[in-house]
Amino acid sequence: MSQTSSTQEEYIEIFGAREHNLKNLDLKIPRNKLVVVTGLSGSGKSSLAFDTIYAEGQRRYMESFSAYARSFLGGLERPDVDKINGLSPVIAIEQKTTSKNPRSTVGTVTEIYDFMRLLYARAGVAYSYKTGKKMIRQTEDQIIELLFTTFPGKKLYILAPVVKGRKGHYRELFEQVRKMGFSKVRVDGVVMDLVPKMQVDRYKIHDIEIVIDRIVAEESDRFRISQSLKSALQHGKGVMMIRDEAGEIYHFSKYLMDPETGLSYDEPAPNSFSFNSPYGACPKCNGLGVIEEIRKENIIPDPKLSITRGGIAPLGEYRDIWIFKKIEAILKHYKCSISTPIEKLPEEVVDVLLHGDKVEVAVDSVKYPGTKWHTTFEGIISFLEKYQEGSSDKIKDWVQEFTSKETCPECEGFRLKKESLHIKIADTHIGELAMMDIRTLGKWFENLEERLDDKQNTIAAEVLKEIRKRIGFLLDIGLNYLTLNRPLRTLSGGEAQRIRLATQIGTQLVGVLYILDEPSIGLHQRDNEKLIQALQRLRDLGNSVLVVEHDKDMMLASDYVLDMGPGAGRHGGHVVASGSPEEILKQGGVTADYLKGKLGMQIPAERRKGKGKSIKLKGASGNNLKYVDLEIPLGTLVCVTGVSGSGKSTLIHETLYPILNQEFYRSKKDPMPYSKITGLEELDKVIEVDQSPIGRTPRSNPATYTGVFSDIRTLFTELPEAKIRGYKPGRFSFNVKGGRCEDCEGGGMKLIEMDFLPDVHIPCETCKGKRYNRETLEVRFKGKSISDVLDMTVEQAVEFFENQPKILRKIQTLNDVGLGYITLGQHATTLSGGEAQRVKLATELSKKDTGRTFYILDEPTTGLHFQDIELLMLVVKRLVDKGNTVLIIEHNLDIIKMADHVVDLGLEGGNLGGNIVVQGSPEKVAAHPESHTGRFLKLELAGTP
């Protein structure tokens, strides 16, 4: 065996990687190992893992298609790298790929729900939703035998139901039945002769059966009776009825049927249990489990106001328009005035305004003075509902302001139609299983065989094996608190990533290179171990696992570490150290120093006492919260912690934040249920900084997002040269016509479409990538054009604008949060999650604060190296020292130990969570015997690595 082929099997060799800020790297990564890529935020980790290795793997996969197939797919750009050897097929498990579709749930993504649908379709037992009795199905032979044993020698009518509980005149149906040769029908319980042009009242509900035959149940007539039964089942589509001499009706069916009421179900199939299929979805909510209702409280938020003063929110204040004329005419008809406060109007009048009235009223014409139109009023709610259906997105969003989400009253949030919810296994329907958390679901499936009969066990054996295997994978990676019906869009990036990881382990692929993007995000220290074991299991199957990660435990448990650096942005792009965790610790460097504990956050000598005032939230009970009472001392740094699924997001994002938002900004989003809140008068604004991207197009950039670009454009407008030319701020915008280069429309790049090859981005020949036309670029400040300013790094811009306080304040905060290396005009799409969050934080920091602001940060350590976390905490410290309150939802112990007040939720996730285990100083939490966070915090405070 030659040397090259053996190295190819042992290593992925990369030659000349130059993507983004990588400095022409040559490196070897061992295969079939767990490899961690770490380094400062912006040091080139993602550029190496995703933009080079993953992009090349994807491109090679596409290259294997025919040129014809590739022309439909669109090519992938070749990453800027000379050569990569030893690359396996690549699967990336990123955080950004979470589906926004409300129909994507944990159950559908993990396929557990699909297997459960199959189980219920094949082994479920049907019960009638009318009587609760078990449904039965009969064969033709069984029906004949029943007939002879139940009605021996009796005169009987054999009936075939063709219309059941529907309106219509049914003229064509009667004619069709007459042409088939039948002479009688039974309409609404009365047997009639069929006559030409026969019809019934079209506005009444009817039951119609064809009288197939009149017989006497005697053995001698067996042949005729069996032919008539076949005919009845054929015309009744598998269902038939018998009427005896006393007029009693008996139902029979080849399918599932309630023998008492004759109610029959279609034969269950897997899609009968799918809320994404018209065969299974609840008809009222279309399988979403919630309905949007336009509520009176949203339309009339303040009944003290009159209609003229804007009492009806969708209409606003009185204007001389048709709808107000109509309302005026209606009120006149009821002897009321448009300027009376709504609360003083009679209840029936308000009802007419909301729901409409059939009574015509005379309305003065706006267009033709002196004439009157006689018209009815449809009502504000009907008017809004009409627009909700088929209108532009803008109008739909406007109507959305007046709607509230309610649990669907018909399916009670189970999403399925009632027939599907009455098919059960072990007395449980599929909707109840989807509501259980994974831990409870696993227990329900544990000894299911003992609760099934022999036939069910034979059918279910293989399906149960698959379901248990998949539930096992979810339990293995610490997601035991999720429920199957939880929409995917409500999961955090880390949770969604771990679900995809569980699915990948389940596929049992071998010889694949998996690339993961910080899978430990949102994971409590306690569950981190499970994640590391899951990744090691993936490696042991015979795969290579490459993880971009900052987690200390993950680094120490890996086989090989690549440390990128030494700085960020243009100061990064090198491999600072590489080798096993032991070798890294010996080689030294910033990462090694933090791992060894040489560098690290210093625990504050004393905790802040705050302002002596606090916010008290009582009785929060949304989702899994058990009526908790939360206290937040103002003027302190507060950390909310707890294992995944313990209720942190419900308490802060879905209860506290919406309450504050409604208080200060009249937001429409309703908080989750709570009893009362006190202490809001001590605050004047609330700011939430989450992890979503700052923009989805290349036109978004840090300068536009922070608002500093407007100030820079204003500065350029005030230059003498710009004034002489009469330039306004729009001249210096690359998003509007005027100053931008029209050839590339201010993008700086042009897209060349290559049919059988990847599309190519080339700098625009007209402006050479500068985005602006020549006249705009002639206006210069300190020798730099507006395009030169966009190309500056934040560090350079701080020096350049040192005498412009308004601009400097915004740029300085970007520098303070450790983003000195990014350029002002860098495309938002190229920023990592951690960078995007820090741009947002800097934007908020640069605003003038009053010392009474409440900041909520959601896991700000995402994507941050130990050193970046120190920078971040300096900024947070600055905010709190000014008297503001900062609340951080976090698992990172470096931040938790710096807090003044910690709120720890638990004990577990899901149904076993939702309680506040302990709240107080970090020392108090560390001393609590039951707190999972306290156990790890104790070691951290004692300085034990």
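About the criteria used
Residues numbered from 1 in each chain as written. Predicted model: local features only at pLDDT ≥ 70, side-chain atom pairs only at ≥ 80, totals over all residues. Heavy atoms only, no water. Pairing = 2+ DSSP bridges. Helix = DSSP H or I, 4+ residues; strand = E, 2+ residues; numbered from the N terminus. Axes fitted to C-alpha atoms, helices over the stretch in contact; angles between N-to-C directions. Contact = heavy atoms within 4.5 Å. Parallel < 35°, antiparallel > 145°, perpendicular 65-115°, else oblique. Left-handed = near helix turned anticlockwise from the far one by under 90°. Phe/Tyr/Trp six-rings, centres within 6.5 Å; stacked < 30°, edge-to-face > 60°. Buried < 20%, exposed > 50% of the residue type's maximum accessible area, 1.4 Å probe, protein only. pLDDT = per-residue confidence, 0-100. Salt bridge = Lys/Arg side-chain N within 4 Å of Asp/Glu carboxyl O. Nonpolar A, V, L, I, M, F, W, Y, C, P; charged D, E, K, R; others polar.

Quick word on the sheet that holds strand S33 (residues 885-889)
Then comes step 1: Strand order across the open sheet formed by six strands is S29-S32-S33-S27-S34-S35, with mixed pairing between neighbours. Pairing within the sheet leaves two strands with one partner each, and these edge strands are strand S29 (685-689) and strand S35 (915-920). Along the sheet, successive strands turn relative to each other by an average axial angle of 15°, direction set aside.
Then comes step 2: As defined by bridge partners, strand S27 (residues 637-642) adjoins strand S34 (residues 901-906) across five bridges and the pair is classed as parallel. Among the inter-strand pairings, Val 638 is bridged to a residue of S34, identified as His 901.
Then comes step 3: The sheet strands contacting helix H23 (residues 648-665) are S27, S29, strand S32 (853-858), S33 and S34, and the helix crosses S29 at an angle near 140°.

Overview of the packing of helix H25 (residues 708-717) against helix H30 (residues 805-816)
Geometrically, a packed helix pair is captured by the angle between its two axes and the distance between the axes.
Then comes step 1: At a minimum axis distance of 9 Å, the contact between H25 and H30 shows a crossing angle of 150°. Here H30 runs roughly antiparallel to H25, going by the angle between their axes. Viewed along their axes, H25 and H30 form a crossing whose handedness is left-handed. Within the contact between the two elements, H25 uses Val 708, Asp 711, Ile 712 and Leu 715 and H30 uses Lys 806, Ile 807, Lys 810 and Ile 811.

Here we look at the packing of aromatic side chains
The geometry of an aromatic ring pair is captured by the separation of the ring centres together with the interplanar angle, meaning the angle of the planes.
Then comes step 1: A complete count under the given rule lists 17 aromatic pairs for this structure.
Then comes step 2: Geometrically, the ring pair formed by Phe 734 and Tyr 772 is edge-to-face, given 6.4 Å between the ring centres and 75° between the ring planes. Taken together, the residues span a long stretch of sequence, with Phe 734 in the loop between helix H26 (720-725) and strand S30 (749-752) and Tyr 772 in the loop between strand S31 (760-763) and helix H27 (774-777) at a distance of 38 residues. Judged on exposure class, the residue Phe 734 and its partner Tyr 772 are both buried.
Then comes step 3: Among the aromatic residues, ring-to-ring pairing joins Phe 716, Tyr 727, Phe 732, Phe 781, Phe 800 and Phe 801 into one connected group.

Points about the sheet that holds strand S23 (residues 560-565)
Then comes step 1: With mixed pairing, the six strands of this open sheet are ordered in space as S5-S21-S22-S3-S23-S24. Strands at the two margins of the open sheet, each flanked by one partner only, are strand S5 (90-93) and strand S24 (574-579). Put simply, the sheet's adjacent strands are angled 20° from each other on average, direction ignored.
Then comes step 2: As paired elements, S5 and strand S21 (residues 513-517) share four bridges and run parallel to each other.

Digging into the confidence of the model for the chain
Then comes step 1: When the pLDDT values of the chain are averaged, the result is 88; 96% of them are 70 or greater.
Then comes step 2: Within the chain, helix H1 (residues 3-10) has the poorest average pLDDT of any element, 51, and strand S19 (residues 423-425) the best, 97.

A few points about the pattern of salt bridges
Any two side chains of opposite charge can pair, so long as their charged atoms come close to each other.
Then comes step 1: This model, assessed by the stated rule, comprises 45 salt bridges.
Then comes step 2: Notably, a salt bridge pairs Glu 219 with Arg 222, separated by 3.2 Å at the nearest N-O pair.
Then comes step 3: Classification of Arg 222 by relative accessible area gives partly exposed; the value is 28%.
Then comes step 4: One network of salt bridges, in which partners are shared, links Glu 721, Arg 725, Arg 774, Glu 775 and Glu 778.

A word on the packing of helix H18 (residues 493-507) against helix H19 (residues 525-540)
Then comes step 1: With their axes 10 Å apart at the nearest point, H18 and H19 run at an angle of 35° to one another. Every pair of crossing elements has a handedness; the one defined by H18 and H19 is left-handed. Along the contact surface, H18 presents Arg 498, Leu 501 and Ile 505, while H19 presents Leu 531, Ala 534, Leu 535 and Leu 538.
Then comes step 2: Residue classes in the contact of H18 with H19 are distributed as six nonpolar, no polar and one charged.

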